[in-house]
Amino acid sequence: MANNVDVVLVRNRMKRRRQLVKLLIVLAVVGLCAFIYLKRDMWFPQLEGIGSRYQNVTRNEDADAEGDFELTVSGGVDYTADFINNNLFILCDKYLYIYGTDGKLKDSRQHAYSNGVMKVCNKRALIYSSNGTSFRVDTASKMLYELILDQPIWFGTLNEDGYAAIVTDSETYACRLTIYDAAGKLLYTRECVERLSDVCFYGDGCIFSTINAAEGELTTTLQYITFDKTELWETTPFATLCLDVCTLPDGGAFVIGDSKAAYYSSNGALEGSYNYNATLVDYAFADGRAAVLLKNEQRRQSVLMLFNDRSAAPVSVQLDSIGKSVIISDEMVYVLGGGHIKTFSFSGAEMDSIDVQDAYEKMLKNGKYYYLLGYDKINRTDVK
């Protein structure tokens, strides 16, 4: 005899089974999406290199045929550039590009640093995330090391031996200074009760500048410490905001501030200070010499202050246009602005002048070429 089957009951069971399967599928998709979102920092940078890799910096297609050098920078992309030997390092928002002096791409390396900053010294580049927690050190051939810190980074510097100084937030102090050797090994840590504005390596330690306030204006104090935690000297407050502390070959330091510059002896004594009496535009320092570029907006002129020797006052040179950038190379000073690159000796004598497009804001010099940095392109021109 045939078994009696309740058709309605079977249909209801099948319907509930289909609904359960659909629910499980929906839950699985939601779970997968949640997992992907939580792990986005791991997989998103990897996907950026898949398929056609977008480059912020590209070479002009006609450059090869004409033997010219011209790099195009994607509009709106902030970048910094500098030379390490004959390698042009260009840091953009997602990549570090390395070009030869002929404009050919040698390497491109991805980074995940927002607000990336690059500092170059000798054969290395220090790259860090401003207000982030990561930094790395690269050479022309490879990335040497990368470290992740537990506090946001304020700024960092390098020295010729590959040591890195990193200044970060601190949980209990104003900031923290950390020194790493050439291999990325921790060498020195100091919790600072005052805010640091710059660090330079000096002897067996470093000189750092601290920011204070007195009578309604910012002041700078220098301190010299060694890595065995010995404090050697501290200067009296100096009424300027220190932008750069530079060591002198014969000992002591040179301070470039926002409103004045100063020489200090090897014992921390102030030997001479010089007011700008104009607005600071740019500056350069090399081998104990400094060039400070100032502007007077009302007169549409610039002033170039040349610091050659601590025993003498700086030489001032009046420029007939607004200067944009200044560099020091081969014991000469080069000023970009007003559609020219002008060359000066440290005595203040004008040695040369060449015409360039006024669209460029910065310049570099390497060998027989000037490299001109604009908003959306990098070009070069011969040095006479």
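The structure this text deals with has already been given above.
Everything numeric here is computed off the predicted structure, so don't read it as measured data. (Residues numbered from 1 in each chain as written. Predicted model: local features only at pLDDT ≥ 70, side-chain atom pairs only at ≥ 80, totals over all residues. Heavy atoms only, no water.)

### Digging into the pattern of salt bridges
(1) Moving on: Applying the stated criterion across every chain yields a total of 13 salt bridges.
(2) Moving on: When the shortest N-O distance is used, the salt bridge between D93 and K94 registers 3.8 Å.
(3) Moving on: With a relative accessible area of 33%, K94 lands in the partly exposed category.
(4) Moving on: The network of salt bridges with common partners includes D107, R109, R136 and D138. (Salt bridge = Lys/Arg side-chain N within 4 Å of Asp/Glu carboxyl O. Buried < 20%, exposed > 50% of the residue type's maximum accessible area, 1.4 Å probe, protein only.)

### Concerning the packing of aromatic side chains
(1) Moving on: Taken as a whole and assessed by the stated rule, the structure comprises 17 aromatic pairs.
(2) Moving on: For the pair Y163 and F201, a centre-to-centre distance of 6.4 Å together with 85° between the ring planes defines the contact as edge-to-face. Residue Y163 is located in the loop between β11 (153-158) and β12 (164-168), and its partner F201 is located in strand β15 (residues 195-202); the two are separated by 38 residues in the primary sequence.
(3) Moving on: A connected cluster of aromatic rings, assembled from ring pairs, spans F254, Y263, Y274, F285 and F307.
(4) Moving on: The side chain of R195 reaches across the aromatic face of W154, ending 4.3 Å from its centre.
(5) Moving on: The ring of Y369 has R380 sitting right over it, with the charged end atom 3.9 Å from the ring centre. (Phe/Tyr/Trp six-rings, centres within 6.5 Å; stacked < 30°, edge-to-face > 60°. Helix = DSSP H or I, 4+ residues; strand = E, 2+ residues; numbered from the N terminus. Lys NZ or Arg CZ within 6 Å of the ring centre and 35° of its normal.)

### A short note on the sheet that holds strand β25 (residues 301-307)
(1) Moving on: Taken together, the four strands give an open sheet; going across it, the order is β23-β24-β25-β26, and neighbouring strands pair in antiparallel fashion. Both outer strands of the open sheet, β23 (279-286) and β26 (315-319), are each paired with one neighbouring strand and no more. Strand after strand, the sheet turns through a mean of 20° between neighbouring axes, direction not considered.
(2) Moving on: The pairing of β23 with strand β24 (residues 289-296) spans seven bridges and is classified as antiparallel. When the sheet's bridge partners are listed, A286 is paired in β24 with R289. (Pairing = 2+ DSSP bridges. Axes fitted to C-alpha atoms, helices over the stretch in contact; angles between N-to-C directions.)

### Description of a nonpolar patch on the surface
(1) Moving on: Together, L20, L23, L24 and L27 give the surface a local cluster of nonpolar side chains, amounting to about 390 Å² of exposed area.
(2) Moving on: Within the fold, L27 resides in helix α1 (residues 7-38). (Patch = residues over 30% accessible without salt bridge, like charges linked within 9 Å, V, L, I, M, F, W, Y side chains within 5 Å. Areas by Shrake-Rupley, 256 points an atom, 1.4 Å probe, with all protein chains shown as cover.)

### Observations concerning the pairing of strand β19 (residues 242-247)
When a strand is regular, its side chains alternate between the sheet's two faces.
(1) Moving on: In the sheet, β19 pairs with strand β20 (residues 253-257) via five bridges, with the strands oriented antiparallel. Residue pairing across strands places V245 opposite V255, the latter belonging to β20.
(2) Moving on: The turn joining β19 and β20, which pair antiparallel and follow one another in sequence, is formed by five residues; a positive phi near 100° is taken by G251.

### A few points about unusual backbone geometry
(1) Moving on: Within the chain, N277 stands out as a residue other than glycine whose phi angle is a positive 60°.
(2) Moving on: By the element assignment, N277 lies in the loop between β22 (270-275) and β23.
(3) Moving on: For N277, a relative accessible area of 74% corresponds to the exposed category.
(4) Moving on: Backbone geometry at D330 places phi at a positive 55°, although glycine is not the residue there.
(5) Moving on: Tracing the backbone through its elements, the reader meets D330 in the loop between β27 (325-329) and β28 (332-337).

### Some details on empty space enclosed by the protein
(1) Moving on: Enumeration over the complete set of coordinates arrives at one cavity of 30 Å³ or more.
(2) Moving on: Computed from the structure, the largest cavity encloses a volume of approximately 60 Å³.
(3) Moving on: L319, D320, S321, I322, G323, V335, L336, G337 and K342 together form the lining of the largest cavity.
(4) Moving on: Classifying every residue of the lining of the largest cavity by side-chain character gives four nonpolar, three polar and two charged. (1 Å grid on protein atoms, 1.4 Å probe; cavity = no way out; pocket = protein on both sides within 12 Å on 5 of 7 lines; lining within 4 Å. Points joined across faces, edges and corners; volume = space filled by probe spheres on them. Nonpolar A, V, L, I, M, F, W, Y, C, P; charged D, E, K, R; others polar.)

### Comments concerning a negative patch on the surface
(1) Moving on: On the surface, a cluster of negative charge is contributed by E160, D161, D287 and E331.
(2) Moving on: The topology assignment puts E331 in the loop between β27 and β28.
(3) Moving on: The exposed category is assigned to E331, whose relative accessible area is 57%. (Lys, Arg positive; Asp, Glu negative; His and termini not counted. Charge placed at Lys NZ, Arg CZ, Asp CG, Glu CD.)

### Things to note about the sheet that holds β15
Each strand in a sheet pairs with another by means of backbone hydrogen bonds, the pair being arranged parallel or else antiparallel.
(1) Moving on: The sheet built from four strands is open, its strands ordered β15-β16-β17-β18 with antiparallel pairing. In this open sheet, the two strands that pair with only one neighbour each are β15 and β18 (231-234). The average undirected angle you get between the axes of adjacent strands in this sheet is 25°.
(2) Moving on: Examined bridge by bridge, β15 and strand β16 (residues 205-214) share seven bridges and lie antiparallel to one another. Following the sheet pairing, D198 is matched in β16 by S209.

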